[in-house]
Amino acid sequence: GGSTAAAIVVTEDSKTEYIRLLCEARACGEARHELTCLLHGFWDVLPWQLLSSHKVSAEELSALISGTCDPDPAEWRKHSRSNSGNGGQQD
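Residues numbered from 1 in each chain as written. Predicted model: local features only at pLDDT ≥ 70, side-chain atom pairs only at ≥ 80, totals over all residues. Heavy atoms only, no water.

(A) Seen up close, a nonpolar patch on the surface. Taken together, the side chains of Val10, Tyr18, Ile19 and Leu22 define a hydrophobic patch exposed on the protein surface, amounting to about 340 Å² of accessible area. Note on placement: Val10 falls in the segment before helix H1 (15-28). Overall, Val10 belongs to the partly exposed group, its relative accessible area being 40%. (Patch = residues over 30% accessible without salt bridge, like charges linked within 9 Å, V, L, I, M, F, W, Y side chains within 5 Å. Areas by Shrake-Rupley, 256 points an atom, 1.4 Å probe, with all protein chains shown as cover. Salt bridge = Lys/Arg side-chain N within 4 Å of Asp/Glu carboxyl O. Helix = DSSP H or I, 4+ residues; strand = E, 2+ residues; numbered from the N terminus. Buried < 20%, exposed > 50% of the residue type's maximum accessible area, 1.4 Å probe, protein only.)

(B) Up close: the packing of aromatic side chains. Applying the stated criterion across every chain, the model contains 2 aromatic pairs. Their ring planes at 80 degrees and their centres at 4.9 Å tell us that Phe42 and Trp43 sit as a pair that is edge-to-face. Look at Phe42 and you get partly exposed, because its relative accessible area is 24%. For Trp43, a relative accessible area of 32% translates into the label partly exposed. Ring centres 5.8 Å apart and planes at 80 degrees place the aromatic pair Trp43 and Trp48 in the edge-to-face group. A residue is classified by how much of its surface remains accessible, and Trp48, at 51% relative accessible area, is exposed. Among the aromatic residues, those joined into a ring-pair cluster are Phe42, Trp43 and Trp48. (Phe/Tyr/Trp six-rings, centres within 6.5 Å; stacked < 30°, edge-to-face > 60°.)

Don't take any of this as a statement about function, it's just geometry.
This is the structure in C-alpha coordinates:
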(Lines give C-alpha, C1' and ligand atoms only; values in the text may rest on other atoms or scores of the structure.)
Protein backbone atom coordinates (compact mmCIF):
# COMPACT_ATOMS: atom_id res chain seq x y z
CA GLY A 1 0.00 0.00 0.00
CA GLY A 2 0.90 3.64 -0.33
CA SER A 3 2.11 5.94 2.37
CA THR A 4 -0.40 7.87 4.45
CA ALA A 5 2.18 10.55 5.27
CA ALA A 6 0.65 12.97 2.77
CA ALA A 7 -2.65 12.83 4.71
CA ILE A 8 -1.06 13.82 8.04
CA VAL A 9 -1.27 17.50 8.88
CA VAL A 10 1.86 19.02 10.40
CA THR A 11 1.04 21.32 13.26
CA GLU A 12 3.15 23.56 15.46
CA ASP A 13 3.13 20.79 18.08
CA SER A 14 4.16 18.05 15.64
CA LYS A 15 6.69 19.89 13.47
CA THR A 16 9.75 18.76 15.48
CA GLU A 17 8.72 15.11 15.13
CA TYR A 18 7.94 15.65 11.44
CA ILE A 19 11.40 17.13 10.79
CA ARG A 20 13.07 14.29 12.72
CA LEU A 21 11.21 11.68 10.68
CA LEU A 22 11.88 13.53 7.42
CA CYS A 23 15.63 13.70 8.15
CA GLU A 24 15.67 10.02 9.11
CA ALA A 25 13.85 9.08 5.90
CA ARG A 26 16.23 11.13 3.76
CA ALA A 27 19.37 9.85 5.50
CA CYS A 28 18.35 6.21 5.86
CA GLY A 29 15.53 5.70 3.37
CA GLU A 30 17.07 3.43 0.76
CA ALA A 31 19.64 1.88 3.12
CA ARG A 32 17.25 1.20 6.01
CA HIS A 33 17.34 -2.59 5.59
CA GLU A 34 21.14 -2.65 5.34
CA LEU A 35 21.53 -0.37 8.37
CA THR A 36 19.13 -2.52 10.37
CA CYS A 37 21.15 -5.65 9.53
CA LEU A 38 24.39 -3.85 10.45
CA LEU A 39 22.96 -2.76 13.80
CA HIS A 40 21.64 -6.23 14.60
CA GLY A 41 25.10 -7.67 13.92
CA PHE A 42 26.74 -4.94 15.98
CA TRP A 43 24.45 -5.54 18.96
CA ASP A 44 25.08 -9.30 18.65
CA VAL A 45 28.79 -8.61 19.19
CA LEU A 46 28.42 -5.77 21.71
CA PRO A 47 25.00 -6.10 23.38
CA TRP A 48 23.43 -2.82 24.46
CA GLN A 49 22.63 -4.21 27.91
CA LEU A 50 26.30 -5.10 28.46
CA LEU A 51 27.53 -1.68 27.32
CA SER A 52 24.89 0.04 29.41
CA SER A 53 25.56 -2.02 32.55
CA HIS A 54 29.27 -1.15 32.31
CA LYS A 55 28.42 2.51 31.63
CA VAL A 56 30.49 2.59 28.41
CA SER A 57 30.58 6.18 27.13
CA ALA A 58 30.39 7.18 23.47
CA GLU A 59 34.11 8.00 23.55
CA GLU A 60 34.98 4.62 25.05
CA LEU A 61 32.80 2.83 22.49
CA SER A 62 34.52 4.74 19.69
CA ALA A 63 37.95 3.71 21.01
CA LEU A 64 36.74 0.13 21.40
CA ILE A 65 35.62 0.02 17.76
CA SER A 66 38.29 2.17 16.11
CA GLY A 67 41.22 1.97 18.49
CA THR A 68 43.26 4.98 19.43
CA CYS A 69 45.08 7.38 17.15
CA ASP A 70 48.29 7.31 19.22
CA PRO A 71 50.27 4.24 18.14
CA ASP A 72 52.91 3.09 20.61
CA PRO A 73 56.00 1.79 18.76
CA ALA A 74 57.13 -0.15 21.87
CA GLU A 75 53.79 -2.01 21.94
CA TRP A 76 54.04 -2.70 18.19
CA ARG A 77 57.52 -4.19 18.65
CA LYS A 78 56.40 -6.22 21.65
CA HIS A 79 53.48 -7.81 19.75
CA SER A 80 55.03 -8.21 16.29
CA ARG A 81 57.29 -10.67 14.54
CA SER A 82 60.34 -9.54 12.68
CA ASN A 83 61.87 -11.13 9.60
CA SER A 84 65.26 -10.54 11.17
CA GLY A 85 64.51 -13.23 13.74
CA ASN A 86 65.07 -11.03 16.78
CA GLY A 87 61.68 -11.84 18.33
CA GLY A 88 60.45 -8.26 18.21
CA GLN A 89 63.49 -6.89 20.05
CA GLN A 90 65.20 -3.78 18.78
CA ASP A 91 68.41 -4.27 16.80
